[in-house]
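Next come the chains, spelled out residue by residue.
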Amino acid sequence: MNASLLNQVVCCACLCLSLLSAGCGASDAPERRPVKGIVKYAGDPLDAAEIRFIPDSGPVSLATIRAGIYQLDNKGGVPLGNCKVQIVSSTPQLDESVAPGDVGTSGEQIPEVTEIPAKYNSQTTLTATIEKGEGAQTLDFELEK
């Protein structure tokens, strides 16, 4: 095989590979939107918790709730469409000598852990629809005991 023909075959193979790899990118990923909001439990801002958005199809998105506020923009946010919402208590990783309500080594007060009823997590009745749009969608949740 002469050098010119070999060069053409190599160039053609490279072109085919680059065209094939262009179709395997983020276009297969679901469209997403950032979500933010406030979560209150019995009228008070919830602390030391996690919010999870579980779409009908697509990956689960989650964020930490601190002082009642959450913001979810990792990987573009939550997939568009309908989803279940779970709000789960989280226990801070603490030294056993530090109790909730105490001040930690960083000077922050260690949050109290609130027990969230199952109707908001393992047996959730909460739902949300993530809509297409500009900027973050605001979704606030008022949880009752």
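Rules of the game
Positions within a chain are numbered from 1, following the residues in the order the chain's sequence is written. Confidence filtering applies because this is a predicted model: local features only for residues at pLDDT of at least 70, side-chain atom pairs given and counted only at 80 or more, and all residues used for totals across whole chains, interfaces and linings. Hydrogens and water molecules were not included; the side-chain quantities draw on all heavy atoms of the structure. Each residue is placed in one exposure class: buried if its accessible area under a 1.4 Å probe, protein chains only, is under 20% of its type's maximum, exposed if it is over 50%, and partly exposed if it falls in between. A run of H or I in DSSP counts as a helix once it spans at least four residues, and a run of E counts as a strand once it spans at least two, with each numbered from the N terminus. Should DSSP find at least two bridges between two strands, the strands are taken to pair. With axes taken as lines fitted to C-alpha atoms, and helix axes fitted only over the stretch in contact, angles between N-to-C directions fall between 0 and 180 degrees.

## What about the pairing of strand 2 (residues 35–41)?
Going residue by residue along strand 2, you find V35, G37, V39 and Y41 tucked away on one face and K36, I38 and K40 left uncovered on the opposite face. Bridge count for strand 2 against strand 6 (residues 69–72) is four bridges, and the pairing is antiparallel. The residue bridging G37 from the neighbouring strand is Y70, located in strand 6. Of the pairings in the sheet, the one linking strand 2 to strand 10 (residues 137–138) comprises two bridges and is parallel in character.

## Re the sheet that holds strand 5 (residues 61–65)
As summarised here, the arrangement of the four strands in space is 5-4-8-9, forming an open sheet in which the pairing is antiparallel. Strand pairing shows two members of the sheet lacking a second neighbour, strand 5 and strand 9 (126–130), which therefore form its edges. Adjacent strand axes in the sheet meet at a mean angle of 30° when their direction is disregarded. Both strand 8 (residues 81–89) and strand 9 contribute to a ladder of five bridges, which runs antiparallel. By the bridge assignment, K84 is partnered in strand 9 with T127.

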